[in-house]
Amino acid sequence: MKTLSLLFIIILSSFTSLAQVDCKPYVPTEKGTVWEITSYNQKGKMTGRTTYELLDKVESGNDVTFTVKNITYDKKDKEIFENTFEAKCVDGKFQFDMTYRMDGNALQAYDDMDIEVDATEFEIPDMDASPGTQLADGSLVVNIGAGGGLGLKMTVLVTDRLVEAQENITTPAGSFDCVVLTQNISTKMLLNVKGSSKEWYSENVGMVRSESYNKKGKMIGYSELTLLEE
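Residues numbered from 1 in each chain as written. Predicted model: local features only at pLDDT ≥ 70, side-chain atom pairs only at ≥ 80, totals over all residues. Heavy atoms only, no water.

Asks: Would you mind showing me how to read the overall build of the protein here?
Replies: On a plain count of helices and strands, the protein comes out with 2 helices and 14 strands. Across the 230 residues that make up the protein, the buried fraction comes to 42%. Pairs at least 24 residues apart make up 49% of the contacts formed inside the protein by residues separated by at least 6 positions. (Helix = DSSP H or I, 4+ residues; strand = E, 2+ residues; numbered from the N terminus. Buried < 20%, exposed > 50% of the residue type's maximum accessible area, 1.4 Å probe, protein only. Contact = heavy atoms within 4.5 Å.)

Right, dumping it as structure tokens:
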């Protein structure tokens, strides 16, 4: 009897361990992969683009850390901002570092100043997550020029995050099965701007499309995946 009980515990532990490592990342998994997201206004006119590159992938036990570099360009294709952020598989869950939501357009004027960032994690659920599933909030606080006396602060709060559906959508980069998320977004930097967004994420790819809405629910712009090269 004791032998059977011990065997049951070992089997159960094995299944638990497998569940912990069964994380489906929402970034490409091959180092050197390059992808691009292009942004448009509500009339479909391009307003800029952001390129991404997977710099590194490090496995540690059951966890995996992805390091991604992104470069933002304006509508004239001039480079205006560069950033590096991390994405992780931790205990079977995938999450971004909220610094991936830093707005290069908003920060380009302060590119030569010291910038300090305080960011939480931003979880993306499994593709089969049930519609209505609630997700944890995210926050990003950027202190600009604190050491130089400027002392500006940008705060981004992402709240009321929900799984809406699963959909297949097509962009210039291809067709993708996605989990669809909705959320409210509040950005404060001199002015407090409130709105919402709807985002499509695909496994081993990342964000495929995003739509931004003002506080009245009118779409003010969108972004979509326009390039994916492994």
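Moving on from the model shown.
Asks: I'm lost on the pattern of salt bridges in this one. Help?
Replies: Pairs can form between side chains of opposite charge once their charged atoms are near each other. This structure, assessed with the given rule, holds 7 salt bridges. Notably, a salt bridge pairs Asp-56 with Lys-31, separated by 3.7 Å at the nearest N-O pair. Placement of the pair is Asp-56 in strand S2 (residues 46-60) and Lys-31 in the loop between helix H1 (2-21) and strand S1 (34-41), with a sequence separation of 25 residues. For Lys-31, a relative accessible area of 54% translates into the label exposed. The network of salt bridges with shared partners includes Glu-36, Arg-49 and Asp-77. (Salt bridge = Lys/Arg side-chain N within 4 Å of Asp/Glu carboxyl O.)

Asks: Explanation requested: the environment of Gln-134 in the structure shown.
Replies: Within the element layout of this structure, Gln-134 appears in strand S8 (residues 134-135). Accessibility expressed as a relative area gives 67% for Gln-134, which makes it exposed. Placed 26 residues apart in sequence, Gln-134 and Asp-160 show a C-alpha to C-alpha distance of 7.5 Å. With residues up to four places along the chain from it excluded, the contact list for Gln-134 reads Arg-161 and Leu-162.

Asks: Before we go on, may I ask you to explain the pairing of strand S10 (residues 152-171) in this structure?
Replies: One face of the sheet, then the other: side chains in a regular strand alternate in exactly this way. Bridging between S8 and S10 involves 2 bridges; their strand directions are antiparallel. Looking across to S10, one finds that Leu-135 is bridged to Arg-161. Strand direction decides the pairing type here: strand S9 (residues 138-144) and S10, joined by 7 bridges, are antiparallel. When the sheet's bridge partners are listed, Val-142 is paired in S10 with Met-154. Judged from the 14 bridges that link them, S10 and strand S11 (residues 174-189) form a sheet pairing that is antiparallel. If you follow Thr-159 over to S11, its bridge partner there is Asn-184. Counted along the chain from S10 to the antiparallel partner S11, the turn is 2 residues long. (Pairing = 2+ DSSP bridges.)

Asks: Where do I start with a positive patch on the surface in this structure?
Replies: The grouping of Lys-45, Lys-75, Lys-76 and Lys-78 at the surface amounts to a positive patch. Counting through the fold element by element, Lys-76 comes out in the loop between strand S3 (63-74) and strand S4 (79-90). Judged by its relative accessible area of 72%, Lys-76 falls in the exposed class. (Patch = residues over 30% accessible without salt bridge, like charges linked within 9 Å, V, L, I, M, F, W, Y side chains within 5 Å. Areas by Shrake-Rupley, 256 points an atom, 1.4 Å probe, with all protein chains shown as cover. Lys, Arg positive; Asp, Glu negative; His and termini not counted. Charge placed at Lys NZ, Arg CZ, Asp CG, Glu CD.)

Asks: It is not clear to me how the confidence of the model for the protein should be interpreted in this structure. Could you clarify?
Replies: As a general rule, the predicted coordinates of low-pLDDT regions are not to be interpreted in detail. Mean pLDDT for the protein: 85, with 82% of residues reaching 70 or above. Note on residues 1-20: pLDDT under 50 across the span, and 4 contacts to partners over four residues away in sequence or across chains. (pLDDT = per-residue confidence, 0-100.)

Asks: It is not clear to me how the environment of Val-163 should be interpreted in this structure. Could you clarify?
Replies: Topologically, Val-163 is positioned in strand S10. Sequence separation of Val-163 and Asp-128 is 35 residues, and the distance between their C-alpha atoms is 9.9 Å. Sequence-distant contacts of Val-163, defined by excluding residues within four places in its chain, comprise Pro-125, Ala-129, Ser-130, Pro-131, Gly-132, Thr-133, Leu-135, Val-179, Val-180 and Leu-181.

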